[in-house]
Amino acid sequence: MKTWCNENSPPLNIPNYTLLSKNRNGRVGGGVALYVSNLRSYTQRNDISLTNISCDSIFIEINQNHGKNIIVGVAYKPPDVNSNHFVDDFDKILTTIDKENKPNYIMGDFNLDLLRYTSINSTQDFLNILYSNFYLPLINRPTRITSNTATLIDNIITNSHDLPVTSGILYCDISDHLPIFQITSFINDSFQNDIPIQSYRLINPLNIENFKQDLATNGWDDVMSLSNPENAYDLFQSKFTTVYQNNFPLHTVKNKNKRKLKPWMTNGILQSINHKNKLYKKFLKYPTGPNELKYKTFRNKLNTLVKTSKLAYYNEQFSNTKSNIKKTWDVINNLLNRKVKCKQNTNFTCDGRSLDQPQDIANAFNDFFTKIGPSLDRKIPSGNTDYNDYLKQPNNHSMYFFPTTEEEICDIINNFKNNKAAGFDGLCPNVVKAVAALISKPLCHIFNASLVKGIFPSQLKVAKITPVYKSGDKGDISNYRPISILSCFSKILERIAFVRTVSFLDKYDILHNGQYGFRSKFSSSMALVDLTDRIISAFENKSHAIGIFLDLSKAFDTINHNILLYKLSYYGIRGVALQWFKSYLENRSQCTKYESLLSELKNITCGVPQGSLLGPLLFILYVNDIFKTSDLFSFILYADDTNIFYSNDDIYELYRTANNQLHYICEC
């Protein structure tokens, strides 16, 4: 397709399609684009593609599991270009492809009117090179029609004549050129087999109501009779999951990415669009002045109506999200059509091995993610001092986990966000939220037993990981970061422990005031204000100021559990509470989901749980003593973002002291 786009105005992105484009930068008009379904595997053929003054083109080779690969291209000839030069260049393209003996389809705006091939030599030459290379045009009616002209300048040509083809023209006024199309069913085409299978549970108000009724008749006396939280939770989850699966059966469908209407498209606008299309089709069939005027008048009114409806929709969206900057940016990205999923890679390399089977890829991801922490931990050099040297006076007060209540559990569940994904257990938070009152009693019994005995149930220690692409080579597993999803029941118990731990830490002023991360009444904005005040104060005192910003690689993944537990004890988390945190940290495992498959479970030997509520809190306790490593530096921390500030009247003394102190901190 011809785009008329440039670097400042790129072609639109289409969800579930990969965009390939070339712009005619520095020249008016032109440019070509090709959209390829993410379900297709292809190779870009730059050896065929031309970008010169006579022709813009893009070619790809679609990989077939069976049969020959297929070459598809798009080309554009500017109207002011010498047609003979274009014909010569196009002949070279066809000759190159012909040597490979592969089916080929080329579409584009050739600006050569095939309806006048007998009177224009260049058009006749163009047809001659097509025929001599065994190509035929598929479009034989005008593609650009005005009130006084009709030309056939857009076409699709192919050298494949033994397959059933449906081709034609769409009567649409999206451009002054009518869109053309071609549909071909390839022999042994595996495209339909490549459509991913999507499994989901049908969750609707009726099923939720049935789920409530079944759960209400399900007694919990057997769960309540068990004093061991491990056994009690296993039984609870088994009973809950059985009722859950019975009421929300698993459905399997092929994900065909059905088209969704824009939210501002009302039924009235859709009816008006249909009427406009009828007027346009009538004008093309009978291109008279009155028909053209009637069509254009209605089209202009419709355009105004669509703009008004779209403006009203986004005004409402911005008004509803004005207090939430994240949601505001979601609206902006949606408006700019930035929410486009990248094509998922299907071939990966790991440790020199090539992987193309989904199960192997899932296992390789999981193996890589579980090894990150231990691998980095082994590379951390031993310091010259012991961490005990910075823990001088322990907190003499000890923390106590006071019991939870059914009301507290209901409040925690009711604050769940409905759009959160299910964890390894497959239980959706929005369904759990709907039955909070029916399960709060057994959960209260289980969680209180957990807090009293210092045991965190094993089934709540399993995380489901989703790999998310960062940057670089998409086929390299190391260029992905893990997103961890925990069970919603795990989050309830974590919240209970979190509230009690934070209350204890605040009561005895355990956390340093320079730590701004993951704390109530602290924020990144306050950290910036603190840093700004220090810099301004230094300047006002005519001192030189230096800021040093440390990036701790995979900080959450490299925490040593023994050191962490020692520090928790130092800060007052002892006895049963310490045993509970030990149980929370040990014997954790994770699996990684790739496409629809889960990897094998792997144990996690160090670090704090990603995606958890307690993980960040444990981390800031772990690094809380960093403030004691230097009496000269001022520390401003936001979790693992460590910022150091220092000022001195003498700039040379500032450099010397800063380097010496940094060296000392590294040795600690």
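Remember, predicted model here, so these are calculated numbers, not experimental data. (Residues numbered from 1 in each chain as written. Predicted model: local features only at pLDDT ≥ 70, side-chain atom pairs only at ≥ 80, totals over all residues. Heavy atoms only, no water.)

Colleague: Help me out: how do you make sense of the overall build of the protein in this one?
Modeller: When helices and strands are counted, the protein shows 19 helices and 25 strands. Taken over the C-alpha trace, the protein has a radius of gyration of 33 Å; the compact-globule value for 668 residues is 26 Å, which it surpasses by more than 25%. Projected onto its principal axes, the C-alpha coordinates of the protein cover approximately 100 × 75 × 55 Å. When burial is assessed residue by residue, the protein has 42% of its 668 residues classed as buried. Expressed as a percentage of contacts within the protein between residues at least 6 apart in sequence, the contacts between residues at least 24 apart total 69%. Entry remark: accessible area of the protein is about 36,000 Å², with carbon and sulfur atoms responsible for 51%. Where the 73 positive side-chain charges of the protein centre and where its 61 negative ones centre are 8 Å apart. (Helix = DSSP H or I, 4+ residues; strand = E, 2+ residues; numbered from the N terminus. Rg over C-alpha atoms; globule rule 2.2 N^0.38 Å. Buried < 20%, exposed > 50% of the residue type's maximum accessible area, 1.4 Å probe, protein only. Contact = heavy atoms within 4.5 Å. Areas by Shrake-Rupley, 256 points an atom, 1.4 Å probe, with all protein chains shown as cover. Lys, Arg positive; Asp, Glu negative; His and termini not counted. Charge placed at Lys NZ, Arg CZ, Asp CG, Glu CD.)

Colleague: What's the story with the sheet that holds strand E24 (residues 634–638) in this structure? I'm lost.
Modeller: By definition, the strands of a sheet pair up through backbone hydrogen bonds, in either a parallel or an antiparallel sense. The sheet built from 3 strands is open, its strands ordered E20-E25-E24 with antiparallel pairing. In this open sheet, the two edge strands, each paired with only one partner strand, are strand E20 (544–551) and E24. Each adjacent strand pair in this sheet contributes to an overall mean axis angle of 20 degrees, direction not counted. Bridge count between E20 and strand E25 (residues 641–648): 8 bridges; the pairing is antiparallel. The residue of E25 that forms the bridge with Gly-547 is Phe-645. (Pairing = 2+ DSSP bridges. Axes fitted to C-alpha atoms, helices over the stretch in contact; angles between N-to-C directions.)

Colleague: How should I be thinking about the packing of helix H4 (residues 205–216) against helix H6 (residues 229–247) in this particular structure?
Modeller: Working note: a packed helix pair is described by the angle between its axes plus the distance between those axes. Interhelical geometry of H4 versus H6 gives an angle of 145 degrees and a closest axis separation of 9 Å. Between H4 and H6 the crossing geometry is right-handed. Across from Asn-207, Asn-210, Phe-211, Asp-214 and Leu-215 in H4, the residues of H6 making contact are Phe-240, Val-243, Tyr-244 and Asn-247. Residues belonging to the contact of H4 with H6 are distributed by class as follows: 5 nonpolar, 3 polar and 1 charged. (Left-handed = near helix turned anticlockwise from the far one by under 90°. Nonpolar A, V, L, I, M, F, W, Y, C, P; charged D, E, K, R; others polar.)

Colleague: Is there a simple way to think about helix H14 (residues 488–507) in this case?
Modeller: Residue pairs spaced three or four apart in an α-helix point in one direction, given the helix's 3.6 residues per turn. Helix length check: H14, at 20 residues, gives a terminal C-alpha distance of 29 Å against a target of 28 Å (1.5 Å per residue), a fit within 8%. N-cap assignment for H14: the residue whose side-chain oxygen lies 3.1 Å from the backbone N of Phe-489 is Ser-487. Directly beyond the C-terminal end of H14, a positive phi value near 50 degrees is found at Asp-509. (Expected span 1.5 Å × (residues − 1). Polar contact = N/O pair within 3.5 Å; in protein donor to acceptor, adjacent residues only side chain to side chain.)

Colleague: Teacher, can you tell me more about the pairing of strand E7 (residues 104–109) here?
Modeller: Burial analysis of E7 places 5 of its 6 residues in the buried class, which makes it a mostly covered element. Handedness of the crossover joining strand E6 (residues 70–76) and E7 through helix H1 (residues 83–98) is recorded here as right-handed. The pairing of E7 with strand E11 (residues 154–158) spans 5 bridges and is classified as antiparallel. In the strand pairing of E11, Ile-106 is matched with Ile-157. (Right-handed = clockwise from strand over helix to strand, strands pointing away.)

Colleague: Help me understand the packing of aromatic side chains in this model?
Modeller: Each aromatic ring pair is described using two quantities: the centre-to-centre distance and the angle formed by the ring planes. Here the structure, examined in full by the defined rule, presents 44 aromatic pairs. Aromatic pair Phe-456 and Trp-580: ring centres 5.4 Å apart, planes at 80 degrees, arrangement edge-to-face. Taken together, the positions of Phe-456 in the loop between helix H13 (436–453) and strand E18 (462–469) and Trp-580 in helix H17 (residues 575–585) put the pair 124 residues apart, joining distant regions of the chain. Summarising the burial analysis for this pair, Phe-456 and Trp-580 share the class buried. Above the ring of Tyr-469, the side-chain terminus of Lys-474 is found at 5.4 Å from the ring centroid. (Phe/Tyr/Trp six-rings, centres within 6.5 Å; stacked < 30°, edge-to-face > 60°. Lys NZ or Arg CZ within 6 Å of the ring centre and 35° of its normal.)

Colleague: How should a nonpolar patch on the surface be read in this particular structure?
Modeller: Side chains of Phe-424, Leu-598 and Leu-601 sit close together on the surface and give an oily, nonpolar patch of about 250 Å² of accessible area. Its place among the elements puts Phe-424 in the loop between helix H11 (406–414) and helix H12 (429–434). The partly exposed category is assigned to Phe-424, whose relative accessible area is 37%. (Patch = residues over 30% accessible without salt bridge, like charges linked within 9 Å, V, L, I, M, F, W, Y side chains within 5 Å. Salt bridge = Lys/Arg side-chain N within 4 Å of Asp/Glu carboxyl O.)

Colleague: Even after reading the chapter, I still don't get the nonpolar core, so can you show me in this structure?
Modeller: As a rule of thumb, nonpolar side chains are buried together in soluble globular proteins. In terms of nonpolar packing, the biggest core is built from 81 residues, with Phe-236, Phe-240, Ile-439, Phe-489, Ile-492 and Trp-580 touching the most fellow members. A total of 9 residues in this core trace back to one element, the largest contributor, which is H14. For Ile-439, the contacting residues outside a window of four places in its chain are Leu-215, Trp-220, Phe-236, Phe-240, Ile-413, Val-432 and Phe-489. Counting 31 residues, the second largest nonpolar core, distinct from the first, contains Ile-71, Ala-75, Phe-90 and Phe-283. (Core = buried A, V, L, I, M, F, W, Y, C linked by side-chain atoms within 4.5 Å.)

Colleague: It is not clear to me how helix H8 (residues 289–320) should be interpreted in this structure. Could you clarify?
Modeller: Helix length check: H8, at 32 residues, gives a terminal C-alpha distance of 47 Å against a target of 46 Å (1.5 Å per residue), a fit within 8%. Within H8, burial applies to Asn-291, Glu-292, Tyr-295, Leu-302, Val-306, Ser-309 and Tyr-314.

Colleague: I'm lost on the environment of Ile-439 in this one. Help?
Modeller: As for its position among the elements, Ile-439 is in helix H13. Once the C-alpha coordinates of Ile-439 and Ala-216 are considered, the two residues, 223 residues apart in sequence, prove to be 9.0 Å apart.

Colleague: Can you help me understand the environment of Asp-125 in this one?
Modeller: Here Asp-125 is to be found in helix H2 (residues 121–132). Using a relative accessible area of 33% as the deciding quantity, one classes Asp-125 as partly exposed. For the pair formed by Asp-125 and Asn-84, sequence separation is 41 residues and the distance between their alpha carbons is 8.1 Å. Setting aside anything within four residues of it in sequence, one finds Asp-125 in contact with Asn-84 and Val-87.

Colleague: For this particular structure, what's the right way to read the pattern of salt bridges?
Modeller: When the charged atoms of two side chains with opposite charge come close together, those side chains can pair. By the definition in use, this model includes 17 salt bridges. Across the pair Glu-100 and Lys-102 runs a salt bridge, and its minimum N-O distance is 3.3 Å. The partly exposed category is assigned to Glu-100, whose relative accessible area is 25%. Each of the salt bridges in this network shares a partner with another, and the network as a whole consists of Arg-45, Asp-47, Glu-61, Glu-100 and Lys-102.

Colleague: Explain the side chain of Asn-291 here, please?
Modeller: Topologically, Asn-291 is positioned in helix H8. For Asn-291, a relative accessible area of 13% corresponds to the buried category. Looking at Asn-291, its side chain comes within polar contact range of the main-chain oxygen of Tyr-286, at 3.0 Å. Residues within four places of Asn-291 in sequence aside, it is in contact with Lys-282, Phe-283 and Tyr-286.

Colleague: Looking at this structure, I do not really get the packing of H6 against H13. What am I missing?
Modeller: It is the contact of H6 with H13, at a shortest axis distance of 9 Å, that shows an interaxial angle of 155 degrees. Between H6 and H13, the interaxial angle falls into the category roughly antiparallel. The interaxial crossing formed by H6 with H13 has left-handed handedness. Residue-level inspection shows Pro-229, Ala-232, Tyr-233, Phe-236 and Phe-240 of H6 in contact with H13, the latter providing Ile-439, Pro-442, Leu-443, Ile-446, Ala-449, Ser-450 and Lys-453. (Parallel < 35°, antiparallel > 145°, perpendicular 65-115°, else oblique.)

Colleague: Just checking my understanding: could you explain the environment of Gly-73 for this structure?
Modeller: Among the structural elements, Gly-73 can be located in strand E6. The contacts of Gly-73, once residues within four sequence positions are left out, are Ile-58, Phe-59, Tyr-105, Ile-106 and Met-107.

Colleague: Quick question: what am I supposed to make of unusual backbone geometry here?
Modeller: Leaving glycine out, the prevailing phi sign among residues is negative, and the prevailing peptide bond configuration is trans. A positive phi angle, near 50 degrees, is found at Asp-509, a position not held by glycine. One can find Asp-509 in the loop between H14 and helix H15 (524–540). Even without being a glycine, Lys-521 presents a positive backbone phi close to 70 degrees. Tracing the sequence through the fold places Lys-521 in the loop between H14 and H15.

Function cannot be read off these values alone, since they describe shape.
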